[in-house]
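# Examining the three-dimensional arrangement
These are the residues of each chain, in order.
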Amino acid sequence: DVKAIPIQWIKLVEKVDEGAFRRKHMLQIVVYPGSPLVMPKCLYLQAENINQQNQWLSAIRKACLTNHSMLSIYHPGAYITSKWSCCKSHDKLGQCYVYILVF
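Computed from a prediction, not measured in an experiment: that's the story for all the values here.

### Thoughts on the packing of aromatic side chains
Summed over the entire model, instances satisfying the criterion amount to two aromatic pairs. The interplanar angle of 70° and the centroid separation of 4.8 Å between the aromatic rings of Phe21 and Tyr44 together place this pair among those described as edge-to-face. Highlighted residues: Phe21 in helix α1 (residues 18-21) and Tyr44 in strand β3 (residues 41-46), separated in sequence by 23 residues. Under the relative-accessibility criterion, Phe21 is labelled partly exposed at 27%.

If you want it as structure tokens, here you go:
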């Protein structure tokens, strides 16, 4: 039962395709504590509206600016029924070729 996530464990925060859960305003946070004994986890959150979703994305990204090893590619979907909704891959640890643009 996690009550707080250390900022340095966050490796990605991005929007999730609406079709993945059939819900609007979803976002994902990929958390990895850096231990070889612990697998990365993807946490899914739903904001009340698009403004709140963008505020959460902005605030978390800003807090993570100094994090090392942030992911540059990711799955915009969700891992449901043993495959990713976006690319249909069964590889849970693999990544789609959806790149995060950094300006």
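The structure having been displayed, the exposition proceeds.
### Focus: the environment of His25
One can find His25 in the loop between α1 and β2 (26-31). Reaching out from His25, the side chain makes a polar contact with the backbone nitrogen of Ile50 at a distance of 3.4 Å.

### Side note on the confidence of the model for the chain
Mean pLDDT over the chain works out to 87, with 91% of the residues at or above the 70 mark. Considering each helix and strand of the chain separately, the mean pLDDT is smallest for strand β7 (residues 98-99), with a value of 65, and largest for helix α2 (residues 50-63), with 96.

### A look at the sheet that holds β3
Reading across the sheet, the three strands line up as β1-β2-β3 and stay open at both edges, with antiparallel pairing between neighbours. In this open sheet, the two strands that pair with only one neighbour each are β1 (10-15) and β3. On average, each strand axis in the sheet is tilted by 20° relative to the strand beside it, whichever way the strands run. Taken together, the six bridges between β2 and β3 define a ladder with antiparallel strand orientation. Within β3, the residue paired with Ile29 across the bridge is Leu43. Strand contacts of α2: β1, β2 and β3, with the helix running at about 160° to β1, the strand carrying the most contacts.

### Focus: the state of the cysteines
All chains considered together, the criterion is met by zero disulfides. Of all cysteine sulfurs in the structure, the one in Cys42 sits closest to Cys64, which takes part in no disulfide; the separation is 14 Å.

### Observations concerning α2
Since the α-helix advances by 3.6 residues per turn, residues separated by three or four positions end up pointing in the same direction. With 14 residues, α2 extends 20 Å between its outermost C-alpha atoms, agreeing within 8% with the 20 Å of an ideal straight helix rising 1.5 Å per residue. Along α2, the residues that are buried comprise Gln52, Gln53, Leu57 and Ile60. Taken end-on, α2 shows its buried residues confined to a sector of 135°, consistent with a single buried face. Exposed residues lying more than 90 degrees from the buried face of α2 are Asn51, Gln55 and Lys62. Considering only its buried residues, α2 is in contact with β1 and β2. The backbone nitrogen of Asn51 lies 3.1 Å from a side-chain oxygen of the residue at the head of α2, namely Asn49.

Here is what the cut-offs are and how they apply
All residue numbers here refer to positions counted from 1 along the written sequence of the relevant chain. Two thresholds apply to this predicted model, a pLDDT of at least 70 for residue-level local features and 80 or more for giving and counting side-chain atom pairs, whereas whole-chain, interface and lining totals are computed over all residues. As a rule here, side-chain values come from all non-hydrogen atoms in the structure, and water together with hydrogens is ignored. Each Phe, Tyr or Trp ring, with Trp reduced to its six-membered ring, pairs with another whose centre is within 6.5 Å; inter-plane angles below 30 degrees give stacked pairs, above 60 give edge-to-face pairs, and intermediate values give tilted ones. For the purposes of this entry, the term helix denotes a DSSP run of H or I that reaches at least four residues, the term strand denotes a run of E that reaches at least two, and both are numbered from the N terminus. Only protein chains enter the accessibility calculation, which uses a 1.4 Å probe; a residue is then buried when its area is under 20% of its type maximum, exposed when over 50%, and partly exposed in between. Polar contacts, as counted here, are pairs of nitrogen or oxygen atoms within 3.5 Å of one another; within protein the pair requires one atom able to donate a hydrogen and one able to accept it, and residues that are adjacent in sequence qualify only if both atoms are side-chain atoms. The predictor attaches a confidence to each residue, and that confidence, scored 0 to 100, is pLDDT. A pair of strands counts as paired when DSSP detects no fewer than two bridges linking them. Here, axes are lines fitted to C-alpha atoms. For helices the fit covers the stretch in contact, and angles between N-to-C directions go from 0 to 180 degrees. Residue contacts are defined here by distance: any two heavy atoms, one from each residue, within 4.5 Å place the two residues in contact. Disulfides are defined in this document as cysteine sulfur pairs within 2.5 Å. Any helix carries an expected span of 1.5 Å times its number of residues minus one. Regarding the arc, it is the one traced by the directions from the helix axis to the C-beta atoms.

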